[in-house]
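# Structural characterization, general
Here are the chains, one letter per residue:
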Amino acid sequence: MSIKHVLITGGAGFIGAHVANELLAHGYAVRALDALVPQVHGNSRERPPYLSNDVELMVGDIRDTNLLSKALNNIDAVINLVALVGVGQSMYQIAEYTSVNNGGTATLMELLSAQPVEAIVVASSMSVYGEGLYRNSKGETKFALNRSLEDLKRSRWEMYDEDGEELTPIPTPETKTPALASLYALSKYDQEVMTLVLARAYGMRAVALRFFNTYGPFQALANPYTGVLSNFAARVLNGKAPLIYEDGLQKRDFVSVYDVASACRLALESKAADGQALNISSGQSMTVGEIASKTIRCLSARGLEPELTGKYRVGDIRHCFADISRAQQVLGWSPSVSLEQGLEDLAAWLDGQETHDNSMEARAELAARGLVL
Ligand SMILES: NC(=O)c1ccc[n+]([C@@H]2O[C@H](COP(=O)([O-])OP(=O)(O)OC[C@H]3O[C@@H](n4cnc5c(N)ncnc54)[C@H](O)[C@@H]3O)[C@@H](O)[C@H]2O)c1
C-alpha cells in the first residue's frame, strides 16, 4: 500500500501548517483535524490565514471519537501533532494537559487499533531528556544530573559533579535515558512510547520525532507558553526587551520549522525509521542570550538589550542540544536552513504582524504558584 491521504492532527498549528505545505508540495492529499484552541488561535477561532486552501480542515477535538473516526476515513497515514505545549503551564493545568496530550493520543491509537493505517509519525520533544548530556575533564559521560535548589538560589547555574567539578555539555543522542522534568515532558514521552508500542502491535510503521526548539513563521506570537524565540519576538515587536531567565548562558538548539516539516515527511516515507525515536534539530548550540540578541537585531529594534532576570523556572534545564546523526543516517535528512536564513525569513513574516505581549501575565501566573524562584 502506498501513502496518498494523510491526516495531520493539530494540522492548523504552527508546525502542522508547514508539514501540510511540505506534504502538498510532494503530491499528498492533506486533511487536518484541529480544535483551533483559543490560546493558539485567538477567541475567534477562525481558520488560520496561513493554512493552505488545499488542506481539508475539520474543526474539532481529537478526543471526540466520532469526529476523529470520520477524520480517519480513507486515510493512509497520520502525523499526530496535537498537544498543549506550555511546559510551565503543564505544571498546574495537570488534568487538562494529561487529557489532551496523553488522552488525545490514546483516543487516536484506540481507533487505529481497529483500523490501522500504513504509518504514523508522532511529535515528541527534546523535553524528554531533561538535562542534556555532559562530560567531565576525564572524558567520562555524565547524565541524570539535577541542580540543587540551594545552588539555584545562589545563582550557581552550571552543572557540577559530586566532586564539585564543572561539567561540559555535549550533544545529546537518543540513547540518553529520559529524565522528565515537567508534566509536559511526561506527556510527550507517554505519546511517544504509546505510539511506538501500539503501532508495532497492530502492524503500522511508526516514528517518534523529538523536535528541539522550533522557530519560524506562523508560530502563535500571543501564546506566552509557546517557543522562546516567538516570545522574544512578541516582546520586541511591542518595544520591550526579551526577558531571560538565569544568566542567559544556557544553551539550546534552534531548528527551522522548514527542516522539521521535511523530517516529518521523510519519517512518513522511511521504512528504515520504523520503531525509532529520532532527534530533529540543527545540531548547533546557541545560548539563550545570543538568540535574544539576534532576535533584536533581526527585527532592527535598536536600543533594546535582553534583560537578565536572574530568576529560575522550576523544571528548566541548563543545557540541551542535539546529536542528530541518527536522523541523518536513518532518514537521509539534514537541516538545510541556517539560523541567519531562518531569522531573516521569520523577520519577513513578522513584518506587518501585530501582537500582544502576554509574557508578564504568564510569568505572574508561574510566580504565584511558586514556579519561578
Ligand atoms: N514548537 C516547538 O518548538 C516544539 C518542540 C518540540 C515538540 N513540539 C511538538 O510539536 C507539536 C506541534 O507543536 P506546535 O508548536 O505546532 O504547537 P501549536 O500549538 O501551534 O499546534 C498545536 C495544535 O493543536 C491544536 N490542538 C490543541 N488541543 C487540541 C485538541 N484537544 N484537539 C484538536 N486539536 C488540538 C491547537 O489548536 C494547535 O493548532 C506538539 O505536539 C508539540 O508538543 C513542538
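Refer to the structure presented above.
Remember, it's a predicted structure, so these values are computed and weren't measured experimentally.

## Some words on the site of the ligand
Close to the ligand lie 30 residues, the nearest being Ile15, Asp34, His41, Tyr184 and Lys188. The side chain of His41 places a nitrogen or oxygen atom 2.7 Å from an oxygen atom of the ligand. Coverage of the ligand by the protein chains reaches 95% of its 820 Å² of free accessible surface. Of all the elements in the fold, those that place two or more residues in the shell around the ligand are helix H1 (14–25), helix H2 (38–41), strand S5 (119–125), helix H7 (183–201) and strand S10 (213–215). The greatest single-element share of the shell around the ligand, amounting to 3 residues, is contributed by S5.

## Concerning unusual backbone geometry
Non-glycine residue Arg45 carries a positive phi angle of around 50°. The class of Arg45 is partly exposed, set by a relative accessible area of 41%. With a phi angle near 60°, Asn74 is a residue other than glycine that sits in the positive phi range. Summarising the element assignment, Asn74 is placed in the loop between helix H3 (65–71) and strand S4 (77–80).

## Some remarks on the nonpolar core
If you look at the biggest cluster of nonpolar residues, it comprises 75 residues, and the most contacted ones within it are Ile79 and Leu209. The element that contributes the greatest number of residues to this core is helix H9 (residues 257–269), accounting for 8 residues. Core analysis: the second largest hydrophobic core is formed by 29 residues, Ala71, Val100, Met109 and Ala206 among them.

## Regarding the packing of H1 against H9
One can describe the packing of H1 onto H9 by two numbers: an axis separation of 8 Å at closest approach and a directional angle of 60°. It follows that H1 is oblique to H9 by the angle criterion. Seen from above, H1 lies across H9 with right-handed handedness. In this structure, H1 contributes Phe14, Ile15, His18, Val19, Glu22 and Leu23 to the contact, and H9 contributes Val257, Tyr258, Val260, Ala261, Ser262, Cys264, Arg265 and Leu268. Residue composition of the contact of H1 with H9, by class: 10 nonpolar, 2 polar and 2 charged.

## With respect to the sheet that holds strand S2 (residues 29–34)
Strand order in the open sheet made by the 7 strands is S3-S2-S1-S4-S5-S9-S14, with parallel pairing throughout. Both outer strands of the open sheet, strand S3 (56–59) and strand S14 (276–280), are each paired with one neighbouring strand and no more. Pairs of neighbouring strands in the sheet enclose a mean axial angle of 20°, with direction left out of account. Inspection of the sheet shows S4 paired to S5 by 4 bridges, in the parallel sense. Bridge pairing in S5 places Asn80 opposite Val122.

## Some thoughts on the sheet that holds strand S7 (residues 141–142)
On the basis of which strands lie adjacent, the open sheet formed by 3 strands has the order S7-S6-S8 and antiparallel pairing. Edge strands, defined here as strands with exactly one partner in the open sheet, are S7 and strand S8 (168–170). Relative to S7, strand S6 (residues 133–135) runs antiparallel, the two being bridged by 2 bridges. Looking across to S7, one finds that Tyr134 is bridged to Lys142.

## What to know about the packing of aromatic side chains
Following the criterion strictly, the structure yields 3 aromatic pairs and no others. Considering the side-chain rings of Tyr129 and Phe212, the 6.3 Å spacing of their centres and the 40° angle between planes classify their relative orientation as tilted. One end of the pair, Tyr129, is in the loop between S5 and S6; the other, Phe212, is in the loop between strand S9 (205–211) and S10, with 83 residues separating them in the sequence. Here Tyr129 and Phe212 have matching classes, each one buried.

## Considerations on H1
The end-to-end C-alpha separation of H1 is 17 Å, in line with the 16 Å expected for 12 residues at 1.5 Å each. H1 sits mainly inside the fold: 9 of its 12 residues count as buried. The elements touched by buried residues of H1 are strand S1 (5–9), S2, S4, S9, S10 and H9. The positive-phi residue at the C-terminal boundary of H1 is Gly27, with phi of around 90°.

## Re the pairing of S4
Burial along S4 is two-sided: Ala77 and Ile79 and Val78 and Asn80, pointing in opposite directions, are all buried. Across 4 bridges, the pairing between S1 and S4 is parallel. Bridge assignment links Val6 to a residue of S4, and that residue is Ala77.

## Topic: the pairing of S5
Regular strands show a simple pattern: their side chains alternate between the two faces of the sheet. Among the 7 residues that make up S5, 7 are buried, leaving the element largely enclosed by the rest of the structure. Where burial is concerned, the two faces of S5 agree: the one with Ala119, Val121, Ala123 and Ser125 and the one with Ile120, Val122 and Ser124 are both buried. Bridge analysis of S5 against S9 gives 7 bridges, and the strand direction is parallel. Bridged to Ser124 within S9 is Arg210.

## As for the pattern of salt bridges
Per the counting criterion, the structure on display carries 17 salt bridges. In this structure, the salt-bridge partner of Arg326 is Glu174, at a minimum N-O distance of 4.0 Å. A residue pair is termed long-range when its members are at least 10 positions apart, and Arg326 in helix H11 (residues 325–331) and Glu174 in the loop between S8 and H7 qualify at 152 residues. For Glu174, a relative accessible area of 10% translates into the label buried. In this structure, Arg318 engages Glu246 in a salt bridge whose closest nitrogen and oxygen atoms are separated by 2.8 Å. Here the residue Arg318 occupies a position in the loop between strand S16 (307–308) and H11, and Glu246 occupies one in the loop between strand S11 (243–244) and strand S12 (251–252), the gap between them amounting to 72 residues. Here Arg318 falls in the buried class, since its relative accessible area comes to 0%. It is possible to trace a salt-bridge network through shared partners that takes in Arg147, Glu158, Glu246, Asp247 and Arg318.

Reading guide: rules and limits
Residues numbered from 1 in each chain as written. Predicted model: local features only at pLDDT ≥ 70, side-chain atom pairs only at ≥ 80, totals over all residues. Heavy atoms only, no water. Near = heavy atom within 4 Å. Polar contact = N/O pair within 3.5 Å; in protein donor to acceptor, adjacent residues only side chain to side chain. Areas by Shrake-Rupley, 256 points an atom, 1.4 Å probe, with all protein chains shown as cover. Helix = DSSP H or I, 4+ residues; strand = E, 2+ residues; numbered from the N terminus. Buried < 20%, exposed > 50% of the residue type's maximum accessible area, 1.4 Å probe, protein only. Core = buried A, V, L, I, M, F, W, Y, C linked by side-chain atoms within 4.5 Å. Axes fitted to C-alpha atoms, helices over the stretch in contact; angles between N-to-C directions. Parallel < 35°, antiparallel > 145°, perpendicular 65-115°, else oblique. Left-handed = near helix turned anticlockwise from the far one by under 90°. Contact = heavy atoms within 4.5 Å. Nonpolar A, V, L, I, M, F, W, Y, C, P; charged D, E, K, R; others polar. Pairing = 2+ DSSP bridges. Phe/Tyr/Trp six-rings, centres within 6.5 Å; stacked < 30°, edge-to-face > 60°. Expected span 1.5 Å × (residues − 1). Salt bridge = Lys/Arg side-chain N within 4 Å of Asp/Glu carboxyl O.

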